[in-house]
Amino acid sequence: MTILVLGGAGYIGSHMVYELVARGIDTVVADNLETGHREAVHPQARFYQGDIRDRAFIDSVFEKEKIDAVIHFAANSLVAESMTNPLKYYDNNVCGTKVLLESMIAHDVKKIVFSSTAATYGEPERIPITEEDKTSPINAYGETKLAMEKMMKWTDRAHGLKYVALRYFNACGAHESGAIGEAHSPESHLIPLILQVPLGKREHISICGQDYDTKDGTCVRDYIHVMDLAQAHVLAVEYLMKGNESNVFNLGSGEGYSVREIVDAARRATGLPIKEEPADRRPGDPATLIASSQKARTILGWKPQYTDMEQIIASAWKWHSTHPNGYEK
């Protein structure tokens with residue numbers, strides 16, 4: 001079996017590739033390196049540099065490689081940026097996926113697993129969130145991911161292209177080897193931002209909003225280790241390979257941690273002081289997002305291996321403390 005990983009030089013994509021290679025699965029990576037890193041791609045994966053919006057490029061990959069399934073991470077994913085530059089998100093996430101699906105149909109590749117997001121739900125009506133709950137995004141990023149899901153639904157009806165959309169919550173942590181990890185520029189994810197304080201790269205961590213209706217007034221999120229996400233994508237590909245119908249699954253731990261709890265866990269994981277300061281709320285941030293991943297556990301047989309927040313942050317710290325500048329030499 002040969003799998004094409006789009007966005008395989010990015011944070012989650014690169015961990016996905018390491019998992020596939022470890023399982024002995026033939027792996028092809030395509031990435032435009034806008035936010036990904038060539039150094040993050042596993043040396044045993046075949047790499048093509050290009051953009052999924054470029055039909056000639058994506059056609060060329062399908063013509064050179066006999067692809068059995070696609071795992072799709074190639075998207076912009078910054079909530080705040082999506083609010084100030086929504087058209088960038090529609091262009092890359094929605095238009096890029098349209099071009100990709102056209103090429104898949106033309107080359108008779110009928111199976112795709114893609115990274116959706118908890119942001120498709122918006123401000124949830126109940127916690128934990130289930131797959132049947134209303135989708136009403138409150139930011140452009142979530143809206144584009146929901147549009148990608150709907151595009152796949154109608155493409156399935158018209159062309160029999162089977163998909164699994166994995167709506168996941170906050171990806172975190174790093175590969176146990178410490179060889180790859182999270183490296184965004186600018187960084188926007190909470191745990192790497194927190195770890196920049198003990199690394200001496202920032203003086204303090206800003207706590208954005210202290211007046212949410214939560215246990216300590218700070219946002220509560222469901223965090224899931226990046227290798228547990230990778231495992232779920234493999235299970236989703238196997239699910240499609242068995243001839244199952246298209247489906248949507250939440251991926252989360254089912255546990256909610258506030259921003260302050262994450263900062264405290266980082267202090268324990270690093271053994272170092274981390275200064276915090278209050279800041280204004282960020283636009284488009286719901287107070288609480290916690291997933292019910294019971295459906296994925298039942299149907300896919302998914303079971304997260306990383307369940308302790310201190311352990312998760314320790315894996316991230318192993319990467320950041322040895323690569324303080326990310327992939328830069």
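The structure this text deals with has already been given above.
Note that the coordinates shown come from a computational prediction; the quantities given were computed from them, not determined experimentally.

Caption draft 1: Structural context of the packing of helix α4 (residues 86–106) against helix α5 (residues 140–159). Closest axis-to-axis distance for the α4/α5 pair is 9 Å, and the angle between their directions is 20 degrees. As the angle between them shows, α4 and α5 are arranged roughly parallel. The two elements α4 and α5 meet at a crossing, and its hand is right-handed. In this structure, α4 uses P86, Y89, Y90, N93, V94, T97, K98, L101 and I105 to contact α5, whose residues at the interface are A140, Y141, E143, T144, A147, M148, M151, M152, T155 and H159. Across the contact of α4 with α5, the residue classes break down as 12 nonpolar, five polar and two charged.

Caption draft 2: Representation of the side chain of H175 within the structure. Tracing the backbone shows H175 in the loop between β7 (170–172) and α6 (190–195). Its relative accessible area of 14% is what places H175 among the buried residues. With residues near it in sequence (within four places) discarded, H175 still touches H15, Y18, I180 and M227.

Caption draft 3: Here's a closer look at helix α1 (residues 11–22). In this model α1 runs 17 Å from its N-terminal to its C-terminal C-alpha over 12 residues, within 8% of the 16 Å that 1.5 Å per residue would give. In terms of burial, α1 is a largely internal element, 11 of the 12 residues being buried. Taken together, the buried positions of α1 are Y11, I12, G13, S14, H15, M16, V17, Y18, E19, L20 and V21. Where α1 is buried, its residues touch β1 (2–6), β2 (26–31), β4 (69–72), β6 (162–168), β7 and α7 (226–241). Looking one or two places after α1, you find G24, whose phi comes out positive at around 75 degrees.

Caption draft 4: Broad picture of the packing of helix α8 (residues 259–270) against helix α10 (residues 309–322). Between α8 and α10, the shortest axis-to-axis distance is 9 Å and the interhelical angle comes to 65 degrees. With respect to the hand of their crossing, α8 and α10 are arranged in right-handed fashion. Taken together, the residues of α10 that come into contact with α8 (itself represented by I262, A265, A266, R268, A269 and T270) are M309, E310, I313, A314 and W317. For the contact of α8 with α10, the per-class residue count stands at eight nonpolar, one polar and two charged.

Caption draft 5: Focus on the nonpolar core. Counting residues in hydrophobic clusters, the biggest one holds 66 residues, and the most contacted among them are I191, I262, M309 and I313. For this core, the element with the highest residue contribution is α7, accounting for 11 residues.

Caption draft 6: Spotlight on unusual backbone geometry. For the bond from I127 to P128, the omega torsion is 0 degrees, close enough to zero to count as cis. Topologically, P128 is positioned in the loop between β5 (111–117) and α5. The backbone of L33 sits at a positive phi, close to 60 degrees, despite the residue not being glycine. Checked against the element boundaries, L33 lands in the loop between β2 and β3 (46–49). Phi angles above zero are rare outside glycine, and D108 is one such case at about 55 degrees.

Caption draft 7: Layout of the sheet that holds β1. Pairing is parallel in the open sheet, where seven strands are placed in the order β3-β2-β1-β4-β5-β6-β11. Whereas interior strands pair on both sides, the edge strands pair on one side only; in this sheet they are β3 and β11 (247–251). Along the sheet, successive strands turn relative to each other by an average axial angle of 20 degrees, direction set aside. With four bridges joining them, β2 and β3 adopt parallel strand pairing. For D31, the partnering residue across the bridge sits in β3 and is Q49.

Caption draft 8: Expanded view of the sheet that holds strand β9 (residues 220–221). Here three strands make up an open sheet; going across it, the order is β12-β9-β14 and the pairing mixed. Each of the sheet's edge strands pairs with one partner strand only, and the pair in question is β12 (257–258) and β14 (288–289). Of the pairings in the sheet, the one linking β9 to β14 comprises two bridges and is parallel in character. Following the sheet pairing, R221 is matched in β14 by L289.

Caption draft 9: Looking closely at the pattern of salt bridges. Applying the stated criterion across every chain yields a total of 23 salt bridges. For the salt bridge of E102 with R55, the shortest nitrogen-to-oxygen distance reads 3.8 Å. With E102 in helix α4 and R55 in helix α2 (residues 55–64), this residue pair connects regions lying 47 residues apart in the sequence. Each member of the salt-bridge network shares a partner with another, and the members are R55, D59, K98 and E102.

Caption draft 10: Main features of the packing of aromatic side chains. Going through the model one piece at a time under the given rule, you end up with two aromatic pairs. Seen in terms of ring centroids, Y239 and F249 are 5.9 Å apart; in terms of plane orientation they differ by 90 degrees. Their pairing is edge-to-face. Taken together, the positions of Y239 in helix α7 and F249 in strand β11 put the pair 10 residues apart, joining distant regions of the chain. According to the relative accessible area criterion, Y239 is buried, its value standing at 10%. Classification of F249 by relative accessible area gives buried; the value is 0%. Note on W319 and Y327: the rings are 4.9 Å apart at their centroids and 45 degrees apart in plane angle, and the pair reads as tilted. When the ring centre of Y212 is taken as origin, the NZ or CZ atom of R281, which lies over that ring, is 3.9 Å away. Sitting over the face of the ring of F249, K295 holds its NZ or CZ atom 5.2 Å from the ring centroid.

Conventions adopted
Residues numbered from 1 in each chain as written. Predicted model: local features only at pLDDT ≥ 70, side-chain atom pairs only at ≥ 80, totals over all residues. Heavy atoms only, no water. Axes fitted to C-alpha atoms, helices over the stretch in contact; angles between N-to-C directions. Helix = DSSP H or I, 4+ residues; strand = E, 2+ residues; numbered from the N terminus. Parallel < 35°, antiparallel > 145°, perpendicular 65-115°, else oblique. Left-handed = near helix turned anticlockwise from the far one by under 90°. Contact = heavy atoms within 4.5 Å. Nonpolar A, V, L, I, M, F, W, Y, C, P; charged D, E, K, R; others polar. Buried < 20%, exposed > 50% of the residue type's maximum accessible area, 1.4 Å probe, protein only. Expected span 1.5 Å × (residues − 1). Core = buried A, V, L, I, M, F, W, Y, C linked by side-chain atoms within 4.5 Å. Pairing = 2+ DSSP bridges. Salt bridge = Lys/Arg side-chain N within 4 Å of Asp/Glu carboxyl O. Phe/Tyr/Trp six-rings, centres within 6.5 Å; stacked < 30°, edge-to-face > 60°. Lys NZ or Arg CZ within 6 Å of the ring centre and 35° of its normal.

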